[in-house]
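Coordinates in review
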Amino acid sequence: MRNWIARRMLRATSKRYGYDTSYLDMMLKESPSAFFKFAPVMKAAGHREVVPVDASFAAKLVGALAEDCGPCTQLCVDMALEAGMPKDQIEAILRRDPPAMNDATVLGYRFADAVVRRSQDDGEHRDAVRAEWGEKGVIDLTLALQMGRMFPMVKAGLGYAKECRRVTVDGHDIDVIKQAA
C-alpha cells in the first residue's frame, strides 16, 4: 500500500513540475527500504523556519547549480516561483549577479556560495546570516543548500543525470553562469 502511495506521489510531482522522477521510481522498485529511508530527506528539503523565501531558495539554487546541469535546477526554479520568490531574484542568482539581488537573496546566496566553494570567507557570511536570523537562520540555509545538492547527486549516482537543458524562469531562457573555476 505505501509503495502505491509513493508511486502516486512521484507521478504527481513529475506531472506538476515536468520533472523526471524515474530515478526515484527505480529506487522504490528495486529497494523500497532505501526509498523509504530517503523519503524523509524530501521533507527536510522543505525545511524553513526563520529565513525569508528569497534567502532559502537562493541557497537551494546555489546547491542545485553546484551539482546539476538543468533539470534539478529547473525544478528548484519552479518551486521558488510557486513559493512566491520574485522572478528577478531567481534570475539574479542564476546569473550570479549579487548587485541585482535584494538583501535577503544576497545573504542566502553569498553564504551558500562561500560554503560550496569552501571559501576562506565562509565564516564571515555565516556570521552575517547569524546576525540577521540567528542560529536557526544558519540551520535553515545550511539545510536548503545541502538539500539542493543532494537530489542531483543521488540522480547522478543512480545513472539518471544524463539530460542537460536550458533553465527558464517563467518561460524565458536564462543564461546560467556556473561557479567560476
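First, a word on what this report is: a plain description of the structure on this page. (Residues numbered from 1 in each chain as written. Predicted model: local features only at pLDDT ≥ 70, side-chain atom pairs only at ≥ 80, totals over all residues. Heavy atoms only, no water.)

1. Let's talk about the nonpolar core
Our working definition: The criterion is simple. A nonpolar core is a set of buried Ala, Val, Leu, Ile, Met, Phe, Trp, Tyr and Cys residues joined through side-chain atoms within 4.5 Å. Whether a residue is buried, partly exposed or exposed follows from its accessible area with a 1.4 Å probe, protein chains only, as a fraction of its type maximum: under 20%, in between, or over 50%, in that order. Each helix corresponds to a stretch of at least 4 residues labelled H or I by DSSP, and each strand to a stretch of at least 2 residues labelled E; elements are numbered beginning at the N terminus. Here a residue-residue contact requires only that any non-hydrogen atoms of the pair lie within 4.5 Å.
Within the largest apolar cluster, 35 residues are counted, with the highest numbers of intra-cluster contacts made by I90, I93, L94, W133 and L141. Those elements that provide at least two residues to this core are helix 4 (53-67), helix 5 (71-82), helix 6 (87-94), helix 7 (103-116), helix 8 (122-157) and strand 1 (167-169). Excluding residues that lie within four positions of it along the chain, L141 makes contacts with V51, A55, S56, A59, G108, F111, V129 and W133.

2. A short note on the packing of aromatic side chains
Basically, it comes down to this: Between 30 and 60 degrees the pair is tilted, below 30 it is stacked and above 60 it is edge-to-face, where a pair is any two Phe, Tyr or Trp rings, Trp via its six-membered ring, whose centres lie within 6.5 Å. Charge-over-ring placement is defined geometrically: NZ (Lys) or CZ (Arg) within 6 Å of the ring centre, and within 35 degrees of the ring normal.
Scanning all chains against the criterion turns up 3 aromatic pairs. Judged by centre distance (6.3 Å) and plane angle (85°), the ring pair of Y19 and Y23 falls under edge-to-face. By the burial criterion, Y19 is buried, and Y23 matches it. On the basis of an interplanar angle of 85° and a centroid distance of 5.1 Å, the ring pair of F35 and F36 is categorised as edge-to-face. Positioned above the aromatic ring of F36, the side-chain terminus of R2 is 3.8 Å from the ring centre. K60 extends its terminal NZ or CZ atom over the ring of F57, reaching a point 4.6 Å from the ring centre.

3. Focus: the environment of R8
Tracing the chain through its elements places R8 in helix 1 (residues 2-17). The sequence separation of R8 and S31 amounts to 23 residues, and the corresponding C-alpha distance is 17 Å.

4. Considerations on the pattern of salt bridges
Let me state the cut-off plainly: Criterion for a salt bridge: a side-chain nitrogen of Lys or Arg within 4 Å of a carboxyl oxygen of Asp or Glu.
Taken as a whole, this structure holds 11 salt bridges when the rule is applied. Residues E30 and K29 are paired through a salt bridge, measuring 4.0 Å at the closest nitrogen-oxygen approach. In this structure, E30 and K29 share a single accessibility class: exposed. The salt bridge partner of R96 is D113, with a shortest N-O separation of 2.9 Å. One end of the pair, R96, is in the loop between helix 6 and helix 7; the other, D113, is in helix 7, with 17 residues separating them in the sequence. You can call R96 partly exposed: its relative accessible area is 23%. Of the residues examined, D113 reaches a relative accessible area of 8% and is grouped as buried. Within the structure, one salt-bridge network assembled from shared partners comprises R96, D113 and R117.

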